There are 2 protein chains.
Amino acid sequence: MNNAIGVFDSGVGGLTVAREIMRQLPNETIYYFGDVKNCPYGDKTKEEIIKYTDRAVKFLIDKGVKMIVLACNTATAAALDYLQDKYDIPIIGVVQPGARRAIQATENNKVLVLGTKFTANSKVYDIEIENINSEILVFDKACPAFVPFIESEGNLDKEATKNILKESLNNTSNLGIDTVVLGCTHYPILKKDIEEYYGSSIKVISSGREAAREVSTVLGYAKLHQKKLNKKEHKFYISEASENFNNIASKWLNKEITAEVVEI
Amino acid sequence: MNNAIGVFDSGVGGLTVAREIMRQLPNETIYYFGDVKNCPYGDKTKEEIIKYTDRAVKFLIDKGVKMIVLACNTATAAALDYLQDKYDIPIIGVVQPGARRAIQATENNKVLVLGTKFTANSKVYDIEIENINSEILVFDKACPAFVPFIESEGNLDKEATKNILKESLNNTSNLGIDTVVLGCTHYPILKKDIEEYYGSSIKVISSGREAAREVSTVLGYAKLHQKKLNKKEHKFYISEASENFNNIASKWLNKEITAEVVEI
């Protein structure tokens, strides 16, 4: 089926998910919406997050997408259930795929989730994992320094990265965990560094990468895959002009991106 | 939802999938059907495989299962589409989950699938992967010596295992692959040995383990998960008395299993 996949985030973070969908499913087209006008969502109420997310999802559905990915842990925590009930097309988030992969990957049933303050405080991963497998112990660690560091200009300095990891992940190595979940869509940019930090005996899981896998699972069972290379152009929409968005999108996707500003 | 998950195989192989479902999803109950009377399926026609598989699936559905896993590569290749069209409950196979994980895991787009002669000749993994991501090159290798070796009595001798891997996997290391799919539900019994054989730079994927993950995905989106530990006893059915089935089941699941013989 030739329709696009709608990918939503409050800002640039979801681009790591879009990038993974492009890598795993090169036949598919993506329509991306970044609600940069209202970014970040972390300090908003649940009702506000539902309102903003719903507006963007409706915009994407009106553009004809065949499924929606909430490529944002905050929006997933606040709005996924509401939107799944409201709309007929498949809507998935990033939390559940990451949780399922952690359940699959851990062998000693001890998992650490790294995320923003909002995600860590919401315990959304703990709840998802507990619902499926209550034998697993989940630790949460907020890493508030990561997002501004990742979004900062220029290439990420190796030494500065090492230092920020050392400060942020302090005391997490001795929790006895064998699996770490990157519970924020920005963090895959630091994945190799985080893997180095923890060493080869600890598996590092990117929720966004797992979400891309589950896009394929959902499309597969719904028989909605685009089977031939006959796709349209990826499109990028933002709710307010943002040079920062275009710069980061161009860097992360490795091609010139100029998002269209739309009022919704 | 308290209903069981139906797991079907022509024999014992699917028990590795059942075991993974038990490990990842300890809240869930399994009803297993092994069609030992008609095992193996590999030398049967597509029509016969559909007939036998359909009969077992109908038996499990009559027992009230909420979803079906065709824990057999041959039955998946021959009967999955037919059964998905025929029945209303979710039915998944082992091939697609393994294919999707291979797509996710490979970084150099070169994947090797190990399987029975039937699976290798059917090119079922090649077709599934090609449908989703035509940039990936898939090699197939039949390993007909593995199943009789794995089913043989007693514990698998380390030296004998090494020899059989060396003979069967000869010339596959130099294909340039970075990902190997165990495309037969027996092979996870040799997973650690196969990982040792290929070394740490090549990822080894078990289709059954990925199927268990997708059971969780499908139950999650259909909101069919059993959320509390309130499960029933796992049950095992076979189509003909078989000491071999009970012995292998008891060994692989690490508890005494006596399957009920049923005529269907």
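Refer to the structure presented above.
As the structure is a prediction and not an experimental result, all values here were calculated from the model.

## Here's the deal with the packing of helix 10 (residues 207-221) of chain A against helix 10 (residues 207-221) of chain B
Step number 1: Packing of helix 10 of chain A against helix 10 of chain B leaves a shortest axis separation of 11 Å and a crossing angle of 75 degrees. Our classification of the angle between helix 10 of chain A and helix 10 of chain B gives roughly perpendicular. Where helix 10 of chain A abuts helix 10 of chain B, its residues E210, R213, E214, T217, V218 and Y221 of chain A lie against E210, R213, E214, T217, V218 and Y221 of chain B.
Step number 2: Taken together, the residues of the contact of helix 10 of chain A with helix 10 of chain B sort by class into 4 nonpolar, 2 polar and 6 charged.

## Some details on the sheet that holds strand 6 (residues 137-142) of chain A
Residue and element names in this part refer to chain A.
Step number 1: Spatially, 6-5-7-8 is the arrangement adopted by the 4 strands of the open sheet, whose pairing is parallel. Each edge of the open sheet is held by one strand with a lone partner, namely strand 6 and strand 8 (203-206). Put simply, the sheet's adjacent strands are angled 25 degrees from each other on average, direction ignored.
Step number 2: Those strands touched by helix 9 (residues 191-198) are strand 5 (110-115), strand 7 (179-182) and strand 8, and its axis lies near 155 degrees from that of strand 8.

## What to know about the sheet that holds strand 1 (residues 5-9) of chain B
Residues and elements named next belong to chain B.
Step number 1: Spatially, 4-3-1-2-9-10 is the arrangement adopted by the 6 strands of the open sheet, whose pairing is parallel. In this open sheet, the two edge strands, each paired with only one partner strand, are strand 4 (91-92) and strand 10 (260-261).
Step number 2: In the sheet, strand 9 (residues 235-238) pairs with strand 10 via 2 bridges, with the strands oriented parallel. Bridging from a neighbouring strand, Y237 pairs with E260 of strand 10.

## Side note on the relation of the copies chain A and chain B
Step number 1: With an RMSD of 0.0 Å, the operation that places chain A on chain B is a rotation of 180 degrees combined with a shift of 0.0 Å along the axis. Taken together, the rotation angle and the small translation identify this as a two-fold axis.

Scoring rules and cut-offs
The numbering scheme is per chain: residues are counted from 1 as the chain's sequence reads. As a convention, the first chain written is A and the first ligand written is 1, with the rest following in written order. For this predicted model, a pLDDT threshold of at least 70 governs which residues receive local features, and a threshold of 80 or more governs which side-chain atom pairs are given and counted, while totals over whole chains, interfaces and linings are taken from all residues. No hydrogens and no water enter the side-chain calculation; it runs on all heavy atoms of the structure. Axis lines are fitted to C-alpha atoms, over the contacting stretch for helices. Their N-to-C directions set the angle, which ranges from 0 to 180 degrees. Under the scheme used here, helices are H or I runs from DSSP no shorter than 4 residues and strands are E runs no shorter than 2 residues, and both carry numbers assigned from the N terminus. Here the angle decides the label: under 35 degrees means roughly parallel, over 145 means roughly antiparallel, 65 to 115 means roughly perpendicular, and every other value means oblique. Residues are treated as being in contact if the distance between any of their heavy atoms lies within 4.5 Å. Three classes are used, and their members are as follows: Ala, Val, Leu, Ile, Met, Phe, Trp, Tyr, Cys and Pro are nonpolar, Asp, Glu, Lys and Arg are charged, and the others, Gly among them, are polar. Criterion used throughout: strands pair if DSSP finds at least two bridges between them. Copies overlap after least-squares fitting; the atoms used are the C-alpha atoms of residues with pLDDT of at least 70 in both.

Honestly, it's all geometry; don't read function into it.
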